[in-house]
Amino acid sequence: MSIEVNNESGVEVDEAEFAALARFALDELHVHPAAELSIVLVDTAAMTDLHVQWMDEPGPTDVLSFPMDELRPGREGEETPPGTLGDIVLCPEVAAAQARAAGHSTVEELLLLTTHGILHLLGYDHAEPDEEREMFALQRRLLLTFLAGR
């Protein structure tokens, strides 16, 4: 599995931990081992530009996901085809404010957002209540299982 983590944010993070989380989540979701994923951490100005350009919304956001090959989760014994999953863009400064409000660390918030972004790349959404319950339960299970093993 090719997972590239680029930190352009100026905030120090352990890039290997993000790659490990992504590898864990993609394995759990039976994504082909040859799939490609990019995770980029950017500053507030860059995230604001992306948010305006792609979502037509003002100001920065915490995470954006840009799917490429529209891969979907596989099943036990049935992986997805190989391909490029896409890009996840994270903003540590926005994540830090959210982490303070939620009462946990910025790293935990960024790992949560990474998991959230991966699920969006795999077609999960939270626009409807049923979708939100499914996505957030899976997000929670993946993240807690990963954190318990680190």
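As shown above, the structure is provided for reference.
Everything quoted here is computed from the prediction, not taken from an experiment.

### Structural notes on helix α4 (residues 106-121)
Consideration 1: The first and last C-alpha atoms of α4 sit 22 Å apart over 16 residues, in line with the 22 Å expected at 1.5 Å per residue.
Consideration 2: Turning to α4, its buried residues are E109, L110, L111, L113, T114, T115, H116, G117, I118, L119 and L121.
Consideration 3: In the core, the buried residues of α4 are packed alongside α1 (15-28), β2 (36-41), β3 (63-67), β4 (84-90), α3 (92-102) and α5 (129-148).
Consideration 4: Following α4 by one or two positions, G123 adopts a phi angle in the positive range, close to 95°.

### Focus on the side chain of H116
Consideration 1: Secondary-structure assignment places H116 in helix α4.
Consideration 2: Given a relative accessible area of 11%, H116 falls into the buried group.
Consideration 3: When near neighbours in sequence (up to four residues on either side) are disregarded, H116 contacts V63, H126, M135, F136 and Q139.

### Section: the nonpolar core
Consideration 1: Core analysis: the biggest nonpolar cluster contains 35 residues, and L37, I39, L90 and L122 have the highest contact counts within it.
Consideration 2: Counting residues per element, the ones that place at least two in this core are β1 (2-7), α1, β2, β4, α4 and α5.
Consideration 3: Contacts of L122, omitting those with residues within four sequence positions, involve L26, L29, V31, L71, R72, P73 and L85.
Consideration 4: Core analysis: the next-biggest nonpolar cluster, separate from the first, contains 8 residues, V40, V89, C91 and V94 among them.

### Re the sheet that holds β4
Consideration 1: Pairing within the open sheet is mixed, and its 4 strands lie in the order β1-β2-β4-β3. The two strands at the open ends of the sheet, each matched to only one other strand, are β1 and β3. Here the average twist between neighbouring strands, direction ignored, is 15°.
Consideration 2: Note: β3 against β4, 5 bridges, orientation antiparallel. Within the sheet, the bridge partner assigned to V63 lies in β4 and is L90.
Consideration 3: Each of β1, β2 and β4 is contacted by α1, which is oriented at about 145° to β1, the strand it contacts most.
Consideration 4: Along the sheet face, helix α2 (residues 44-55) touches β3 and β4 and points at about 50° away from the line of β3.

So, how was this worked out
- Per chain, the residues get numbers from 1 upward, laid out in the order the sequence is written.
- Under the rules for a predicted model, residues below a pLDDT of 70 receive no local features and side-chain atom pairs below 80 are neither given nor counted, while totals for whole chains, interfaces and linings still include all residues.
- In computing side-chain values, all of the structure's heavy atoms are included and hydrogens and water are not.
- The secondary structure listing takes helices from DSSP runs of H or I that are at least 4 residues long and strands from runs of E that are at least 2 residues long, numbered from the N terminus.
- Expected helix span is taken as 1.5 Å per residue step, with the number of steps being one fewer than the number of residues.
- Burial here depends on accessible area, computed with a 1.4 Å probe over protein chains only, as a share of the maximum for the residue type. Under 20% is buried, over 50% is exposed, and the range in between is partly exposed.
- Contacts are assigned to residue pairs that have any heavy atoms within 4.5 Å of one another.
- For this analysis, a nonpolar core means a set of buried residues of the types Ala, Val, Leu, Ile, Met, Phe, Trp, Tyr and Cys, connected via side-chain atoms within 4.5 Å.
- For two strands to pair, DSSP has to find at least two bridges joining them.
- Helix axes are fitted only over the stretch in contact, all axes being lines through C-alpha atoms; the angle between N-to-C directions runs from 0 to 180 degrees.

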